[in-house]
Each structure stands twice: as structure tokens, then as C-alpha cells.
Amino acid sequence: MADWGPVLIAVVLFVLLTPGLLFQLPGSSRSIEFANFQTSVISIFIHTLLYFALITMFLIAIGVHIYFD
């Protein structure tokens, strides 16, 4: 049995937290912009910190495990 929880959570968080795809924090003209398909260095850094915090919380603190037979 393989544990697919970390793989699934990492992929979902990567897609959701890609800067400029769904939202960008901070935006170029406002503090948050939605679906502008642009990015900046500061937004990459902030989204990286959010990704690290969320993946740490889901994988280490909560311990999500998904098994497929």
C-alpha cells in the first residue's frame, strides 16, 4: 500500500497557490488580485511561505494519509 496523501496534498496546494493563477498576494495595484496571470518576486516569496506553512500543517501536524489498494 502506498501513501498518496502527501502527493495529493502537494499537487493541490501547488495548483491553488501558484501566484497569479487564482489569486496574487500582494497584487500590483491592490493588496490582493484575482486571476491576473502576472507575478512578482514578493508575491512568489509570500506564496512560497503560504505553501510551506500549509503543507507542514497538513502533513506533519494533522498527518493526512490516503491509501489506495
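Residues numbered from 1 in each chain as written. Predicted model: local features only at pLDDT ≥ 70, side-chain atom pairs only at ≥ 80, totals over all residues. Heavy atoms only, no water.

- An unreviewed UniProt entry lists the protein chain under the name Transmembrane protein, from Nicotiana attenuata.

1. Re unusual backbone geometry
- In this model, Leu-25 is joined to Pro-26 through a cis peptide bond whose omega is -10 degrees.
- Residue Ala-35 is not a glycine yet carries a positive backbone phi of 50 degrees.
- You can see Ala-35 is positioned in the loop between β3 (33–34) and α2 (41–62).
- In this structure, Phe-37 is a non-glycine residue whose phi angle is positive, near 55 degrees.
- With respect to the helices and strands, Phe-37 occurs in the loop between β3 and α2.
- The class for Phe-37 is exposed, based on a relative accessible area of 64%. (Helix = DSSP H or I, 4+ residues; strand = E, 2+ residues; numbered from the N terminus. Buried < 20%, exposed > 50% of the residue type's maximum accessible area, 1.4 Å probe, protein only.)

2. Looking at a nonpolar patch on the surface
- Together, Trp-4, Val-7, Leu-8, Val-11, Val-12, Phe-14, Val-15, Leu-16, Leu-21, Leu-22, Phe-37 and Phe-68 make up a nonpolar patch on the protein surface, roughly 1,200 Å² of accessible area in all.
- Per element, the largest residue contribution to the nonpolar patch is 7 residues, and it comes from helix α1 (residues 5–16). (Patch = residues over 30% accessible without salt bridge, like charges linked within 9 Å, V, L, I, M, F, W, Y side chains within 5 Å. Areas by Shrake-Rupley, 256 points an atom, 1.4 Å probe, with all protein chains shown as cover. Salt bridge = Lys/Arg side-chain N within 4 Å of Asp/Glu carboxyl O.)

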